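# Report on the structure
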Amino acid sequence: MTFKNPLIPAFFYKFIHFCHIPAASPFRPKGSLYQPILDTFQTESIKWFFCFNLFNVDILGATQLTEHDNDQIVQRKKNLQEIQALGYLPYPASYKATETVTSVVKSHSEKSKEELESEKKEVKVAGRIRAIRKMGKAAFITYSDGGEQLQIYLRSNEVGEKSWQLFNLLDLGDLIGAKGILFRTKTGELSIHAEELDFLAKALTPPPDKYYGLHDKEMRYRQRYADLIANHDVREVFIKRAQIVRETRKFFDERGYIEVETPMLSPLATGAAARPFVTHHNALDITLYARIAPELYLKRLIVGGYERVYELNRNFRNEGLSIKHNPEFTMLEFYQAYSDYTELLEMTEELIHSLAVSTTGKEEIEYEEQVISFARPWTRFTMREAVIKYWPQEEKPTLEALIDIDQLRQLAELISIKFDPKSNAGQLLGLLFENLAEPHLIQPTFITEFPTELSPLSKQSLVDPRFTDRFELFVACMEIANGFSELNDPAEQRARFEQQMKLRERGDEEAMVIDEDYIRALSYGMPPTAGEGIGIDRVTMILTGQRSIRDVILFPHMRPEK
RNA sequence: GGGCCGUUAGCUCAGCAGGUAGAGCAUCUGGCUUUUAACCAGAGGGUCGCUGGUUCGAGCCCAGCACGGCUCACCA
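The written sequence of each chain sets the order in which its residues are numbered from 1. Each chain is given a letter, starting from A, and each ligand a number, starting from 1, according to the order in which they appear as written. The predicted origin of the model limits local features to residues at a pLDDT of at least 70 and limits the giving and counting of side-chain atom pairs to 80 or more, whereas totals for whole chains, interfaces and linings rest on all residues. In computing side-chain values, all of the structure's heavy atoms are included and hydrogens and water are not.

### Examining the overall build of chain A
Along chain A, the regular secondary structure elements total 20 helices and 18 strands. Burial status follows relative accessibility: with a 1.4 Å probe on protein chains alone, a residue under 20% of its type maximum counts as buried, one over 50% as exposed, and anything between as partly exposed. Expressed as a percentage of its 562 residues, the buried residues of chain A come to 48%. Contacts in chain A between residues far apart in sequence, at least 24 positions, make up 66% of those at least 6 positions apart. Methods summary: accessible areas were calculated by the Shrake-Rupley approach with a probe of 1.4 Å, and residue burial reflects only the protein chains presented. For chain A, the exposed area adds up to about 28500 Å²; of that, 52% sits on carbon and sulfur atoms. Here a strand is any run of E in DSSP of at least two residues, a helix any run of H or I of at least four, and the numbering for each starts at the N terminus. Only heavy atoms enter the contact rule, under which two residues are in contact if any of them lie within 4.5 Å.

### Section: the protein's contact with RNA strand B
Whether a residue is near a molecule or strand depends on its heavy atoms: it is near if one of them lies within 4 Å of it. Residues in close proximity to RNA strand B total 52 residues, the closest being K186, T187, K210, H325 and R538. The sugar and phosphate moieties of RNA strand B supply 58% of its atoms located within 4 Å of the protein. One of the side-chain nitrogen or oxygen atoms of E479 is found 2.5 Å away from a sugar or linking oxygen of RNA strand B. Listed by contribution, the elements that provide at least two residues to the surface near RNA strand B are α5 (71–85), β1 (122–135), β2 (138–144), β3 (149–155) and α10 (217–222). Considering each element in turn, the surface near RNA strand B owes the most residues, five residues, to α10. In this classification, the charged set is Asp, Glu, Lys and Arg, the nonpolar set is Ala, Val, Leu, Ile, Met, Phe, Trp, Tyr, Cys and Pro, and all remaining amino acids, among them Gly, are polar. Of the residues that constitute the surface near RNA strand B, the class distribution is 18 nonpolar, 12 polar and 22 charged. Residues adjacent in sequence count toward polar contacts only when both atoms are side-chain atoms; beyond that, a polar contact is any pair of N or O atoms within 3.5 Å, and within protein one must be able to donate a hydrogen and the other to accept it.

### Quick look at the packing of helix α18 (residues 490–505) against helix α19 (residues 516–523)
Axes here mean lines fitted to C-alpha atoms, for a helix over just the part in contact, with angles spanning 0 to 180 degrees between N-to-C directions. Orientation of α18 relative to α19, taken along the N-to-C sense of each, is 160°, at an axis distance of 9 Å. Relative to α19, the element α18 lies roughly antiparallel. When you trace α18 past α19, the crossing you get is right-handed. Contacts between α18 and α19 involve P490, Q493, R494 and F497 on the former and, on the latter, E516, Y518, I519, L522 and S523. Here the contact of α18 with α19 is built from residues that sort into five nonpolar, two polar and two charged. In what follows, roughly perpendicular refers to angles from 65 to 115 degrees, roughly parallel to angles under 35, roughly antiparallel to angles over 145, and oblique to any angle outside these ranges. Crossing handedness is read from the near helix: turned anticlockwise from the far helix by less than a right angle, it gives a left-handed crossing, and turned clockwise, a right-handed one.

### Some details on helix α12 (residues 232–254)
For α12, built from 23 residues, the straight-helix expectation of 33 Å at 1.5 Å per residue is met to within 8% by its first-to-last C-alpha distance of 33 Å. The inward-facing, buried residues of α12 abut α10, α11 (224–230), β10 (308–316), β11 (328–337), α14 (341–360) and α20 (536–544). At the exit of α12 stands G256, carrying a positive phi of roughly 80°. Every helix has an expected span of 1.5 Å times one less than the residues it contains.

### Description of the sheet that holds strand β8 (residues 278–281)
The strand order β7-β9-β8 describes an open sheet built from three strands, whose pairing is antiparallel. The open sheet has two edge strands with one neighbour each: β7 (265–266) and β8. Should DSSP find at least two bridges between two strands, the strands are taken to pair.

### A few points about helix α17 (residues 425–437)
When the terminal C-alpha atoms of α17 are compared, their 17 Å separation across 13 residues agrees well with the 18 Å that a helix rising 1.5 Å per residue should span. Within α17 the residues assigned to the buried category are A425, G426, L428, L429, G430, L432, F433, L436 and A437. Looking at the buried residues of α17, the elements they touch are α15 (383–389), α16 (405–414), β15 (445–451) and β16 (467–475). One side-chain oxygen at the N-terminal end of α17 lies 3.2 Å from the backbone nitrogen of G426; it belongs to N424.

### Points about the nonpolar core
Nonpolar side chains in soluble globular proteins tend to be buried together. Nonpolar cores are built from buried Ala, Val, Leu, Ile, Met, Phe, Trp, Tyr and Cys residues. Side-chain atoms within 4.5 Å join them into one set. Of all hydrophobic cores here, the largest spans 43 residues; its most connected members are F374 and I542. Of all the elements, α14 adds the most residues to this core, at eight residues. Ignoring anything within four residues of it in the chain, the contact list for F374 reads I352, H353, A356, E363, I365, P444, V475, I542 and L543. V125, L150, I152 and L197 belong to the second largest nonpolar core, which has 31 residues in total.

### Describing the confidence of the model for chain A
As a per-residue quantity, pLDDT reports the predictor's confidence and falls between 0 and 100. A residue-level look at chain A finds 88% of positions with pLDDT of 70 or above and a mean pLDDT of 88. With pLDDT under 50 throughout, residues 1–60 is counted as low confidence; its partners more than four residues away or in other chains account for 56 contacts.

### Some points on the packing of α16 against α17
Between α16 and α17, the least distance of the axes is 9 Å, while the angle of their chain directions is 30°. In terms of orientation, α16 and α17 fall into the roughly parallel class. Here α16 and α17 pass one another in a crossing that is left-handed. Note on element contacts: α17 touches α16 through A425, L428, L429 and L432, opposite I405, L408, R409 and A412. In terms of residue class, the contact of α16 with α17 is made up of seven nonpolar, no polar and one charged.

### Describing the pattern of salt bridges
Every case where a carboxyl oxygen of Asp or Glu lies within 4 Å of a side-chain nitrogen of Lys or Arg is listed as a salt bridge. The tally for this structure, following the rule as stated, stands at 32 salt bridges. Note that E350 and R255 form a salt bridge whose closest N and O atoms lie 2.6 Å from each other. With a gap of 95 residues between them, E350 in helix α14 and R255 in the loop between α12 and β6 (258–259) connect regions that are remote in the sequence. For R255, a relative accessible area of 24% corresponds to the partly exposed category. A salt bridge links R496 to E492; the nearest nitrogen and oxygen atoms lie 2.7 Å apart. Pair noted here: R496 and E492 are both in helix α18, with a separation of four residues, about one helical turn. The class of E492 is partly exposed, set by a relative accessible area of 23%.

Spelled out as structure tokens, the structure:
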């Protein structure tokens, strides 16, 4: 076997240099330290390759002390140095495990002590050390693959000199491999009776407290890796999130939808009411916006003849952060031709119900000390009905009052809700709804009949054009979904955009921008279509019992450190 | 952006009327061949977020700043 590489002379030079490192570091490698390792390789070429590898894995860097090192890091670097001296690679490239900790635990948890003894099953398994219990010449190591935990039992006289020496240099958090026979201890715990230990990687930074874990929220979000190592339930949340996303895709795939990807960077930030992130494309010398919604692109695809499309991806909104808002969040949007909003409403019920059952196993879940029932059918109110239902006074407004601008102003004043005097009737009704009804919508509730002024992309109701054929779903007082029959009349769409532009001119930064190409697309003829967006982060929050959106986003945005 | 709260050992947290800092885990030394938050004996470890002020003396009181959490407003 030959290893031909024109760079070998360079490696050679590095290697020579490497072997003559001045005594600058307190952990300067001894001159002949690597010779035994190199000697085990027969060919010169492999030797050089290996030499490069050793050099590249930063033996010096990893064990060099810095002024920031505390006593624990110093100790761990020393241990790594000694592990190398024993002949182990400090950061080997792979480990040929026969299975994972989780698979071993899952497949053997039911087996009795006697069964295991007769099977004498040999396994080779890798994991991270979570606990070490040493008793003189024997010891237990608990290690984990992130999922399950497994115990290794070692005896100094059985495991071999080299493995035992390695064991004495191991620290909590290190990654190791163990080979041995599965058995059950006196106390009945499934364990590997170790024949051999392997060293796979060093944890130079100690892991969080093995019992109390990592609580500091700032550190949990900034160093999610440490959070995931320490807190098993955090890991579970993101596994469930993946399950929710997977099943959502399956739900739409099974219904004849195709998944599409539309621009994340676009010359117009439109399709929703929000302030965008702004960036610049150098080659084209144009301003681009991170998308606030894919809506208008998806409907162009409906025009183009894909009758069912969905996109499950990120939206970006340059707005405040809160327990419910992250600057980037995951939105599912889907569009279905020849359907109206009532069909999507039913579908939403079906989708969320099935997600709830598959991720939690039940129709009823606990969230924020409330029991939320996803048993169908869910409550439905028009926006005005909801306002009336939750009106705080004995004397309630009439349906007609709730769409009349003068009466709405009086009503808002009556219950001292502050409003912008320039607000139109639809905006005022929306304001009353948010203030009075939203805080009560704990159980899944559909709100329908949205004012046209609040719905620039929705089709007007045939029975009353002041309202649109639109709904929103609320769960746990959060807006989860927003769906409507899509406005497909290009003339009416232009009028709505112009209405929005007027709001913009009056200083409403979040009002929508006109999209001429979208109107052109509509002019080719868009079939009657219903479309919807569902906030995946919020669905995940509810189904995993998390109060903060930061707990369902792996790397939530924070101010940079220092 | 406003209000409230927080920041102490590697991790989790105590600390008081203002008198130079404590515990558990982790680390180090010794003991222990089926333990499991292993145990027993001993040891080391701190710029008490930063900067200034008050004071004989500040982790503690005051001011400013930084970072974070919660909350209100805008938003999904």
